[in-house]
Structure formats: C-alpha cells, structure tokens
Amino acid sequence: MNPQTTGKTIRPAEIRAMKQRGEKIVVLTAYDASLAAQLEQAGVEVILVGDSLGMVVQGHDSTLPVTMEDMIYHTRNVARARRRALLVTDMPYRSYTSAEQTLENAQRLIEAGADMVKLEGAGQVARFIEWLSQANIPVCGHLGLLPQSVEELGGYKVQGREQAAADKMVEDARALQAAGAEMIVLECIPMSLAGRITEAIDIPTIGIGAGPGCDGQVLVSYDLLGLTAGKRPRFSKDFLRETAAGQGIQEAIAAFVEAVKQGRFPTEEHAFK
Ligand code: KIV
C-alpha cells in the first residue's frame, strides 16, 4: 500500500463495489495540488494524473514526449492535496517496454504517491499487468483510442467500429481483467461496444468518448473548465460555461459530478455510434 494512503482513502475494492451497486464512478484529471484540492472538495472518487499533461500543461501535440520524471513530479504535487480520492497515475510512453522496467517504473510512481498505475493497450501489456498485480501494485487498463500509439493508429480516431476490432476489444478487456486489472478506461469507441465490454467484465469501465453505458466517466479537467486551447473534443463538455454559467470552478466540477452520478452526462450527443 502507498505510504501516503490513509484509512479514509478510497480503495480499489470500493470502486468495484460501486459497479456492483450501479453507482456511477466520477474520475477527473489533475496535475497540481490546487486543482486536486478542488476535485476532493467536489467528492470526485478517482483523480487521474494523466499523461494528457503533455498536451494541456506542457503544450506538446501528443503525450509521447512525457517522461517518468514529469509523471513523478506531477504525482507528488497531486498527492500532497489528496485526502479521500483514489490516485491513479499514467505510466508514460516507453516506460513499460519490459516486465522489469514496468515494475521498476510503477514502483517509482507508487513511491511518489500513486495508489494505482495506468497502462495503455493489451497483448504484451496484459502480461506486464499480471506482473504488477502479482507485486501488489493495482493497475488500471486503457483500451480503444490509445494516445501513446497515435502514430500507429493514424491519428485521434474512433476505434472498434469494425466487427473484428470490436470482438478483439471485448477479448482484450477480458484478458486485462484476468491479468488482475482493477478497472479499464475505454476511450473513443462506439457506445454499443462500450456497453458490451461493461457487461462482459466484472471490473469497472471508465468511459471517455464511450457513451453513457460505462460504469464511470472521466474527462480532462481542462476541457471541463474551458481551458483547452483550440477545438475541444466532441465527447467533452465545458461545464464552467454551459452548466455552471460561469459561476466558478467549484460549481463547474460539482455540476460534472452531479451530471455523471445522475446519468445526465455523457448523452448520445457526446458519444460515437
Ligand atoms: O491522460 C489522460 O488524461 C487520460 C484520460 C484521457 C483518460 O488517459
């Protein structure tokens, strides 16, 4: 267990129990202590130190330049403000290319304050997840659009539209669960496929651009607060402007929490067919 985890911290078992109860799980990204404190105040259950920080904090056009040192630095900052939420940190590009390297880097992130690490993909990654689980390091998987593989995928495109790709993703989700993953992020896939995967596994699915049928929802907080430069992804929503009517950051985060809990976000408008 992470040394900074207290008795009051949400554990992975509680997140699984939420799926069983049918209670939606609210996840948001944070990269610093101030935003993490706001998420805590709004009752967000999972804080993700996402490697999306490469784009929204560092100004790169992908997550590929993000390093282990970056993730450790931002995890430490968020961990100082963490009280109750489960803290998940992304393992950055090329930080999990062998079982030994995966274990060593995951341990560094846990020492920095993460409760769980997130890895993108299946296949060989499922074996690394098994390795981490056996070392008692909780893991979140990530299927669908994999930003660290954006070059191989030919851009930021919806994944799993063809039958064979959809069937494979269901099998991959089962394989990640069998390897010991505690939950799985599903990014940019048709909502019918997200529903199928959510039914097929016992661990929670957390959607982003995957429609309303997932067990929980995640957004990049900068999208929710209207801070993202340029065109905002279709699956996200500026809660500060559209729902909280510019009242304030805390109101916008609270509006997101309430909308997810009540099944009002995402709607089909934010989903892919
Ligand atoms: O890096 C990130 O913020 C993520 C979310 C988009 C799920 O992985």
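Our structure is the block above this text.
Keep in mind that this is a model prediction, so the values were computed, not measured.

A.B. asks: Describe the side chain of Asp51, listing the residues and the values that go with them.
C.D. replies: Take Asp51: it is sitting in the loop between strand E2 (46-49) and helix H3 (53-56). Buried and without a salt bridge, Asp51 has Lys118 as its closest oppositely charged side chain, separated by 5.4 Å. Beyond its immediate sequence surroundings of up to four residues, Asp51 is in contact with Thr63, Val66, Met71, Asp90, Met91, Pro92, Glu120 and Gln148.

A.B. asks: Summarise the packing of aromatic side chains; cite the residues concerned and give the values.
C.D. replies: With the rule as written, the count across this model stands at 4 aromatic pairs. Ring geometry for Tyr31 and Tyr222: centres 5.6 Å apart, planes at 75°, overall edge-to-face. Of this pair, Tyr31 sits in the loop between strand E1 (25-29) and helix H2 (33-41) while Tyr222 sits in helix H10 (residues 221-224), placing them 191 residues apart in sequence. Residue classification places Tyr31 among the buried residues on the basis of a relative accessible area of 1%.

A.B. asks: Quick rundown of the pattern of salt bridges? Include the residues and the values.
C.D. replies: For the structure on display, the rule yields 17 salt bridges. Put simply, Glu69 and Arg108 hold a salt bridge, and the shortest N to O gap is 2.8 Å. Of this pair, Glu69 sits in helix H4 (residues 68-81) while Arg108 is found in helix H5 (residues 99-112), placing the two residues 39 residues apart along the sequence. For Arg108, a relative accessible area of 29% translates into the label partly exposed. Here the salt bridges do not stand alone but share partners, grouping Glu14, Arg21, Glu23, Glu45 and Lys261 into one network.

A.B. asks: Go over the sheet that holds strand E5 (residues 139-144) with me, naming the residues and quoting the values.
C.D. replies: The 8 strands are arranged E1-E2-E3-E4-E5-E6-E7-E8 in a closed barrel whose pairing can be described as parallel. With strand direction ignored, the average angle separating the axes of adjacent strands in the sheet is 25°. Here helix H12 (residues 249-261) sits on the sheet and contacts E1 and strand E8 (216-219); the angle it forms with E1, its principal contact strand, is near 145°.

A.B. asks: Let's hear about the side chain of Asp172: which residues, and what values?
C.D. replies: The topology assignment puts Asp172 in helix H8 (residues 163-179). Once you skip the residues sitting within four places of it in the chain, Asp172 turns out to touch Ala122 and Leu143.

A.B. asks: An account of the state of the cysteines is requested, with residue identities and associated values reported.
C.D. replies: In total, this model carries 0 disulfides according to the counting rule given. Here Cys140 stays free of any disulfide, with the sulfur of Cys214 as its closest cysteine sulfur at 12 Å. Judged by its relative accessible area of 2%, Cys140 falls in the buried class. As a non-bridged cysteine, Cys214 has Cys188 as the owner of its nearest cysteine sulfur, 11 Å distant.

A.B. asks: Before we move on, could you go through helix H9 (residues 191-200) and cite the residues and values that matter?
C.D. replies: Burial in H9 covers these residues: Met191, Leu193, Ala194, Ile197 and Thr198. Taken around the axis of H9, the buried residues stretch over an arc of 155°, which confines them to a single face. Along H9, the residues that are exposed and aim more than 90 degrees away from the buried face are Ser192 and Glu199. Buried residues along H9 sit in contact with helix H1 (12-21), H8, strand E6 (183-187) and strand E7 (205-208).

A.B. asks: Just give me the short version of the site of the ligand, but keep the residues and values in it.
C.D. replies: Inspection of the region around the ligand gives Thr29, Leu48, Gly50, Asp51, Ser52, Asp90, Lys118, His142, Val185, Ile208, Val218 and Val220 as its neighbouring residues. Within the side chain of Asp51, an N or O atom sits 3.1 Å from an oxygen atom of the ligand. Taking Asp90, its side chain carries an N or O atom lying 3.0 Å from an oxygen atom of the ligand. Relative to its unbound accessible area of 260 Å², the ligand is 95% covered by the protein chains. For the shell around the ligand, the residue count by class is 5 nonpolar, 4 polar and 3 charged.

A.B. asks: Residue-level account of the packing of H2 against H12, with values.
C.D. replies: Their axes nearest at 9 Å, the elements H2 and H12 cross at an angle of 50°. Compared by their axis directions, H2 and H12 come out oblique. Handedness of the H2/H12 crossing: right-handed. Judged by residue contacts, Leu35, Gln38, Leu39 and Gln41 of H2 engage Ile249, Gln250 and Ile253 from H12.

Conventions used here
- Residues numbered from 1 in each chain as written.
- Predicted model: local features only at pLDDT ≥ 70, side-chain atom pairs only at ≥ 80, totals over all residues.
- Heavy atoms only, no water.
- Helix = DSSP H or I, 4+ residues; strand = E, 2+ residues; numbered from the N terminus.
- Buried < 20%, exposed > 50% of the residue type's maximum accessible area, 1.4 Å probe, protein only.
- Lys, Arg positive; Asp, Glu negative; His and termini not counted.
- Salt bridge = Lys/Arg side-chain N within 4 Å of Asp/Glu carboxyl O.
- Contact = heavy atoms within 4.5 Å.
- Phe/Tyr/Trp six-rings, centres within 6.5 Å; stacked < 30°, edge-to-face > 60°.
- Pairing = 2+ DSSP bridges.
- Axes fitted to C-alpha atoms, helices over the stretch in contact; angles between N-to-C directions.
- Disulfide = S-S within 2.5 Å.
- Arc of directions from axis to C-beta.
- Near = heavy atom within 4 Å.
- Polar contact = N/O pair within 3.5 Å; in protein donor to acceptor, adjacent residues only side chain to side chain.
- Areas by Shrake-Rupley, 256 points an atom, 1.4 Å probe, with all protein chains shown as cover.
- Nonpolar A, V, L, I, M, F, W, Y, C, P; charged D, E, K, R; others polar.
- Parallel < 35°, antiparallel > 145°, perpendicular 65-115°, else oblique.
- Left-handed = near helix turned anticlockwise from the far one by under 90°.

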